[in-house]
Each structure stands twice: as structure tokens, then as C-alpha cells.
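Residue-level structural notes
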Amino acid sequence: MRIFHFGAALVASVVASSAVGWRMGWQAPPPGWHGKVAKIVRGGGGAELRGRRPLAEGATIESGADLATDRKQRARLEMSDGSVLVLDRDTEIELDPSPATRIVHVKHGVVALDVAHLDPSARPAKILTDRGEISVVGTELTVTATDDTTDVEVRRGSVRAKAGGGRELEVSAGQEALLTAAGVEVGPSAGRGAGDLLG
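So, a few notes on the structure that sits alongside this text. Note that this is a predicted model, so its numbers are computed, not measured.

Overview of unusual backbone geometry
- Phi is positive for Asp-90, close to 50°, though the residue is something other than glycine.
- With respect to the helices and strands, the residue Asp-90 is situated in the loop between β5 (84–87) and β6 (92–95).
- Assessed through its relative accessible area of 30%, Asp-90 is described here as partly exposed.
- A positive phi angle, close to 55°, is found at Ala-100, a residue other than glycine.
- If you trace the backbone, Ala-100 turns up in the loop between β6 and β7 (103–114).

Focus on the side chain of Arg-102
- Here Arg-102 is to be found in the loop between β6 and β7.
- Within the local environment of Arg-102, its side chain forms a polar contact with the backbone oxygen of Ala-116, the two atoms lying 2.9 Å apart.
- Residues in contact with Arg-102, not counting those within four places in the same chain, are Trp-33, Asp-81, Ser-83, Val-115, Ala-116, Leu-118, Arg-123, Pro-124, Ala-125, Lys-126, Val-136 and Val-137.

Concerning the nonpolar core
- Judged by nonpolar contacts, the single largest core of 36 residues is most densely connected at Leu-77, Leu-85, Ile-93, Leu-113, Ile-127 and Leu-141.
- The element contributing the most residues to this core is β7, with four residues.
- Those residues in contact with Leu-85 that sit more than four places away from it in its chain are Trp-33, Ala-75, Arg-76, Leu-77, Met-79, Ile-93, Val-104, Val-111, Ala-112 and Leu-113.
- Ranked by size, the runner-up nonpolar core spans six residues in total, among them Val-84, Val-110, Leu-197 and Leu-198.

What counts and what doesn't
Residues numbered from 1 in each chain as written. Predicted model: local features only at pLDDT ≥ 70, side-chain atom pairs only at ≥ 80, totals over all residues. Heavy atoms only, no water. Helix = DSSP H or I, 4+ residues; strand = E, 2+ residues; numbered from the N terminus. Buried < 20%, exposed > 50% of the residue type's maximum accessible area, 1.4 Å probe, protein only. Polar contact = N/O pair within 3.5 Å; in protein donor to acceptor, adjacent residues only side chain to side chain. Contact = heavy atoms within 4.5 Å. Core = buried A, V, L, I, M, F, W, Y, C linked by side-chain atoms within 4.5 Å.

Listed below in C-alpha cells is the structure:
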């Protein structure tokens, strides 16, 4: 008799849960950062991207995509949340496929970002490089990544930069941070103008 009552209770629970789920509208979690290629600027020459299919204006960019520009190409990406990423020449990035995240790995090159400010409860966007990570809420910045260093120049707002397992340091508008194996150094921006890519 106890088995019967337990089974009936279990069935009732599943039915009730299904009804609630149907009313609330079950939905899969939103994908990671994704968007489209809004613009391609070429300086001439072919569009070979080290064996990859060339980027095309209007193409959809899925979360998890690995994107690269060649030595004569720049690409403007418009993301679904309103953020803009501009890849300079000879730059490679990978968008993290994790659901409901805004994470990009800059493998090498220069990326100018205008990161949309979302609800305060939303997780910050993250920019990863081989030398560390940058946490962003809503900011305009430029990230330059090489094998040995990452340079972060903040034009608007502020970010938190961390090298390896070290401590986080805040980097505000008008400042830049250099991330190396030794840690993070923050100082006045040298104003090299890479952020003009967003214009």
C-alpha cells in the first residue's frame, strides 16, 4: 500500500511540475555571445584566412565560433546584446560556447570592444588572453594580445584586470594595463588610438 501511495504521489508531482513548466514556458538557456559580421574592410589582396572560410558581411556568428582576419582585413562584429567587437588586421578570437555568458578569448592581435551595459545582476563580460583576463560590465576598451603580453587600454568606464593567478586591479578610463607573467601594471594610457577602430 505504501508503494502505491508513493507512486501516486510521484505521478502527481510530475504532472504538477509539467503543468507549471507549460504555463511558465520552459526555455533553453540563451546561448553564449553571438551575433553577425556587420562590416568587412579590406586593404586589397586575397581573402585567405589561414585555411578558414573568409568572413562575409551579414554572416551569422554562433557562440563557440573561431574567427580570424588576415593581414589586409578588418571586421566589425555586432553582437546580440548590443556590444560591438572590431577585429584589427591579423587578429584571431574565439567566442566561448557556454550558455548565457559573454566571453571572448583573444588569441592574438588587436580587438576594440564597446561592451553593452546590461542589468546589474547579469554576469560581466570576460576577455581572456594567454596572459590573463579582463572583467567588463559596460565599457569601451582595446585589447592587444601577443604571446608574452596583453595590453588593455580603457577609453570609457572601467575594467578589472588579472594576470594568471594574481590579484585583480581596476583600470579606469584614460588608463591602460600591461599583463605579463610577472603580474599587472597600471598607468596612464599611451593613447595609441587603436580604439578608433570603433568609429
